[in-house]
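Descriptive structure summary
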Amino acid sequence: MRGIGLIEVMVSVLILAVGLLGVAAMQAVALRGGQSSLESTQAVIQTNAILEAMRVNRATANAFNTGAMRCTEAAGGHAIVEAWLEDLKTSIGTEDDETTCGQIAGCPDACVITVRWDDSRAGGAGQREIVTATQL
């Protein structure tokens, strides 16, 4: 029993390699979870931004209603809503994607803001949606 044999070294290297692969897998899951959390936070921030814009323009708040879910900007639409939709795509999705959408309904009495985006890139199950209801 004078030293460590080649078999013992190989077994210890194998155990170390399996452990490091586990750490790398946990890191990947943590990064995807962080991305999903960032997108959720951005959706809430964008929702609050449009609500504050409606509070500033309370007299014309009914013009902010989009009717249906909007995934693209519309020519001749309300300028603030169009800028909000563009900001959604910039902060959550990509500029040309068709999965990041927003809807504003019921304003000014019972505003419901809905933001929907594709969360599969961040490890989610696909479509995510945040709905915020408030009264101006």
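Up top you'll find the structure we're talking about.
Structural notes, computed from the coordinates. Think of each chain on its own: its residues are numbered from 1, step by step along the sequence as written. Two thresholds apply to this predicted model, a pLDDT of at least 70 for residue-level local features and 80 or more for giving and counting side-chain atom pairs, whereas whole-chain, interface and lining totals are computed over all residues. Calculated side-chain values reflect all of the structure's heavy atoms, with hydrogen atoms and water omitted.

**Describing the nonpolar core**
To keep things clear, this is the line we draw: The nonpolar core is taken to be a set of buried Ala, Val, Leu, Ile, Met, Phe, Trp, Tyr and Cys residues, with the residues joined through side-chain atoms within 4.5 Å. Buried means the residue's accessible area, taken with a 1.4 Å probe over protein chains only, is under 20% of the maximum for its type, while exposed means over 50%, and partly exposed covers the values in between. In DSSP terms, a helix is any run of H or I states spanning at least four residues, a strand is any run of E spanning at least two, and both are numbered starting from the N terminus.
Core analysis: the biggest nonpolar cluster contains 20 residues, and I50, M54, F64, W84, I104, I113 and V115 have the highest contact counts within it. Sorting the residues of this core by element identifies α1 (6-56), α2 (79-91) and β2 (111-118) as the ones contributing at least two each. The dominant element in this core, judged by the number of residues it contributes, is α1, at 5 residues.

**Details of the sheet that holds strand β1 (residues 101-105)**
Definition in use: Pairing between strands requires that DSSP locate at least two bridges from one strand to the other. Axis definition: a line fit to C-alpha positions, over the contact stretch in the case of helices; interaxial angles, taken between N-to-C directions, run 0 to 180 degrees. Contacts are residue-level and defined by heavy atoms, with any inter-residue pair within 4.5 Å sufficient.
Here we have 3 strands laid out as an open sheet, ordered β1-β2-β3, and antiparallel in their pairing. Across the chains shown, the open sheet's two edge strands, defined by having one partner strand only, are β1 and β3 (127-134). This sheet shows a mean twist of 10 degrees between the axes of neighbouring strands, independent of strand direction. Against the sheet, α1 touches β1, β2 and β3, its axis set at about 150 degrees to β2. Against the sheet, α2 engages β1 and β2, with an angle of about 145 degrees to β1.

**Notes on the packing of α1 against α2**
When two helices pack together, their arrangement is given by the angle between the helix axes and by the axis-to-axis distance. Counted only if it meets this: The labels follow the angle: roughly parallel below 35 degrees, roughly antiparallel above 145, roughly perpendicular from 65 to 115, and oblique for the rest. Three classes are used, and their members are as follows: Ala, Val, Leu, Ile, Met, Phe, Trp, Tyr, Cys and Pro are nonpolar, Asp, Glu, Lys and Arg are charged, and the others, Gly among them, are polar.
α2 packs onto α1 with a crossing angle of 170 degrees between their chain directions and a minimal axis gap of 10 Å. Taken together, the axes of α1 and α2 lie roughly antiparallel to each other. Of the residues in α2, those touching α1 at Q42, Q46, T47, I50 and A53 are I80, W84, D87, L88 and S91. Here the residues of the contact of α1 with α2 are counted per class, giving 5 nonpolar, 4 polar and 1 charged.

**With respect to the state of the cysteines**
Where we set the bar: Only a pair of cysteine sulfur atoms within 2.5 Å qualifies as a disulfide here.
Summed over the entire model, instances satisfying the criterion amount to 2 disulfides. Between the sulfur of C107 and that of C111 lies a disulfide, 2.1 Å long from S to S. With a relative accessible area of 6%, C107 lands in the buried category. Across the protein chain, the disulfide pattern expressed with sequentially numbered bonded cysteines is 1-2, 3-4.

**Section: the environment of T100**
Looking at the secondary structure, you find T100 in the loop between α2 and β1. By relative accessible area, which is 2% here, T100 ends up buried. Separated by 11 residues in the primary sequence, T100 and K89 have C-alpha atoms spaced 5.9 Å apart. When residues no more than four places from it in sequence are discounted, the contact partners of T100 are C71, L88, K89, I92, G93, R116 and W117.

**Observations regarding the pattern of salt bridges**
To keep it simple, the criterion reads: Between Lys or Arg on one side and Asp or Glu on the other, a salt bridge is scored when a side-chain nitrogen of the former is within 4 Å of a carboxyl oxygen of the latter.
With the rule as written, the count across this model stands at 4 salt bridges. Note that E82 and R70 form a salt bridge whose closest N and O atoms lie 2.7 Å from each other. Of this pair, E82 sits in helix α2 while R70 sits in the loop between α1 and α2, and the two are 12 residues apart along the sequence. Of the residues examined, R70 reaches a relative accessible area of 17% and is grouped as buried. As a salt-bridge pair, E129 and R116 come within 2.8 Å of each other at their nearest N and O atoms. With a gap of 13 residues between them, E129 in strand β3 and R116 in strand β2 connect regions that are remote in the sequence. Classification of E129 by relative accessible area gives partly exposed; the value is 43%. Taking the relative accessible area as the measure of exposure, R116 reaches 29% and is therefore partly exposed.

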